[in-house]
Amino acid sequence: MVVLTIMFVSVAAALCCAFLFWKASSRRVGAPPQRATYEVLHTASQAVSVLRDGLTQATAVKAAPTLRHLLGTPTVAIADQSALLACHGSDQHAEALGRHLRGVVASGRSQWLSASDLGCGHGSDCLMRAGVAVPIAVDGAVIGALAALGPSADAALMRTATEVASFLSTHFALAELDASRTRTVQAQLNFLRAQISPHFVYNALTAIESFVRSDPERARDLLVGFAEFIRWSFREHSQYATLAEELRFVDTYLELERARFGDRLAVSLRVAPEVLPVRVPSLVLQPLVENAVRHGLERFAGTARLQISAEDGGHEAIVTVEDHGIGVDPEHLADVLTGRTGGQSVGLRNVDERLRATFGNDHGLTIETGVGAGTKVTMRLPKFAPEVSAQ
């Protein structure tokens, strides 16, 4: 019995040790080379996450400690085209360092920094008596410089600093691309606001005027709705809105159109509550509805029927605008959407381009139409998109 007890305790102890060893080893990422690669990439990603906002004093100060760790030197400094933005580790040579970094920015060439260049009078005891300074360039234009200081500077430090600067340059270029895309989308939105149809404005005001004497209360409500429509169209809001806000804007627009069409305009609306919080580029729904009214229904004899739906499609919201009007030649519509020809469907092209720019090419408009067959426009909107949710 004693022997069995000793054997049981020994096996239990062995299993316990094996479990503790496995748990400790599972925290490590592979072999030493793999762990080193992981640590470098993790450190680099920390710097990039900050600098994707561009090269400013605030981002440079936040990124400097990480870059210092990445380069493995006592001091790291970052400058833009005009000034020293950050110096992490020690600032005892900051003035001389700033001067040499401006020289690197101006010349676009890397520099070795000696003790005399830095004005170092501390002798061999100084931990920042030598270093390298390398340019940071985007699309061939030098936007800043990076310096690494240590007790000595060799070719290995120069190569490492050059590679880090190249890495930063790539991500600054991506940051500029993001900013450029944002400016493009904003320009498209401004263009769409400018395209509010004078035809619609004239017809809306005419409809309001027709009720001034016969139904003053209705005229007042329509005038308030018209003012709200104009205010929403031109307000300085975010590039994005919720689907609920877009639908409210469409309802204001349709109230003005109902005043003009009367019983000739029949609108049906079907919306799943789950999709109302979905964020979309501003002014993507109203242009589709206006296009359906103007080009599909305005010249249609009889009752003009318009169906708007926003359905839950799992990870997407599926929005459709369908009219039973005169339709359009698909080939002509394709030319309009690709910009090969002009046309009155500028709103469709604008919305299609902004959806693709925001969510990717798989999320452009899908249009089903034919002459005399009406038109159905579909948008598939992701319920969650990081680039939209971050705004």
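The structure contained in this document is the topic of the report that follows. (Residues numbered from 1 in each chain as written. Predicted model: local features only at pLDDT ≥ 70, side-chain atom pairs only at ≥ 80, totals over all residues. Heavy atoms only, no water.)

**Notes on the overall build of the protein chain**
Part 1 of the reasoning: The helix and strand tally for the protein chain stands at 13 helices and twelve strands.
Part 2 of the reasoning: With 391 residues in all, the protein chain has 43% of them scored as buried.
Part 3 of the reasoning: For the protein chain, the share of sequence-separated contacts (at least 6 apart) that also reach a separation of at least 24 residues comes to 65%. (Helix = DSSP H or I, 4+ residues; strand = E, 2+ residues; numbered from the N terminus. Buried < 20%, exposed > 50% of the residue type's maximum accessible area, 1.4 Å probe, protein only. Contact = heavy atoms within 4.5 Å.)

**Examining the nonpolar core**
Part 1 of the reasoning: Among the nonpolar cores identified, the biggest contains 47 residues, and L306, M379 and L381 are the most heavily contacted of them.
Part 2 of the reasoning: Excluding residues within four positions of it along the chain, L381 makes contact with L243, V278, V280, H315, E316, A317, V319, L355 and F359.
Part 3 of the reasoning: Among the nonpolar cores identified, the runner-up in size contains 23 residues, and A60, L67, V134 and A165 belong to it. (Core = buried A, V, L, I, M, F, W, Y, C linked by side-chain atoms within 4.5 Å.)

**Notes on the sheet that holds strand β10 (residues 316–323)**
Part 1 of the reasoning: Taken in spatial order, the five strands of this open sheet run β7-β9-β10-β12-β11, and their pairing is mixed. Every other strand in the sheet has two partners, leaving β7 (265–271) and β11 (366–369) as the edge strands with one partner each. Averaged over neighbouring strand pairs, the angle between their axes works out to 10° when direction is ignored.
Part 2 of the reasoning: As paired elements, β7 and strand β9 (residues 304–313) share seven bridges and run parallel to each other. (Pairing = 2+ DSSP bridges. Axes fitted to C-alpha atoms, helices over the stretch in contact; angles between N-to-C directions.)

**Remarks on the pattern of salt bridges**
Part 1 of the reasoning: All chains considered together, the criterion is met by nine salt bridges.
Part 2 of the reasoning: In this structure, K383 engages D312 in a salt bridge whose closest nitrogen and oxygen atoms are separated by 2.5 Å. With K383 in the loop between β12 (375–382) and α13 (386–389) and D312 in strand β9, the pair connects residues that are 71 residues apart, well separated along the chain.
Part 3 of the reasoning: On the accessibility criterion, K383 (31% relative accessible area) is partly exposed.
Part 4 of the reasoning: By relative accessible area, D312 is classed as partly exposed at 38%.
Part 5 of the reasoning: In this structure, a network of salt bridges that share partners links the residues E217, R220 and D221. (Salt bridge = Lys/Arg side-chain N within 4 Å of Asp/Glu carboxyl O.)

**Quick look at helix α9 (residues 243–261)**
For an α-helix the count is 3.6 residues per turn, leaving residues at separations of three or four pointing the same way.
Part 1 of the reasoning: In this model α9 runs 26 Å from its N-terminal to its C-terminal C-alpha over 19 residues, within 8% of the 27 Å that 1.5 Å per residue would give.
Part 2 of the reasoning: Two residues or fewer past α9, G262 is found with a positive phi of approximately 65°. (Expected span 1.5 Å × (residues − 1).)

**A short note on helix α4 (residues 94–107)**
Part 1 of the reasoning: An ideal rise of 1.5 Å per residue puts 20 Å on 14 residues; α4 measures up with 20 Å between its terminal C-alpha atoms.
Part 2 of the reasoning: All of the buried residues in α4 are A94, A96, L97, G98, H100, L101, V104 and V105.
Part 3 of the reasoning: Remark: G108 follows α4 within two positions and exhibits a positive phi of approximately 75°.

**Side note on the pairing of strand β5 (residues 141–150)**
Part 1 of the reasoning: Burial analysis of β5 places eight of its ten residues in the buried class, the great majority of the element.
Part 2 of the reasoning: The pairing of strand β1 (residues 75–80) with β5 spans six bridges and is classified as antiparallel. Bridge pairing in β5 links V76 to A148.
Part 3 of the reasoning: The hairpin turn running from strand β4 (residues 130–138) into β5, its antiparallel successor, is two residues long, and D139 in that turn takes a positive phi close to 55°.

**Quick look at unusual backbone geometry**
Note: most residues except glycine have negative phi, and most peptide bonds are trans.
Part 1 of the reasoning: Residues other than glycine seldom take positive phi values, yet L283 does so here, at roughly 60°.
Part 2 of the reasoning: Along the polypeptide, L283 turns up in the loop between β8 (279–281) and α10 (286–297).

**Side note on the environment of G131**
Part 1 of the reasoning: Structurally, G131 can be placed in strand β4.
Part 2 of the reasoning: G131 gets classed as buried once you look at its relative accessible area, which sits at 0%.
Part 3 of the reasoning: For G131 and L149, which are 18 residues apart along the polypeptide, the C-alpha to C-alpha distance reads 4.1 Å.

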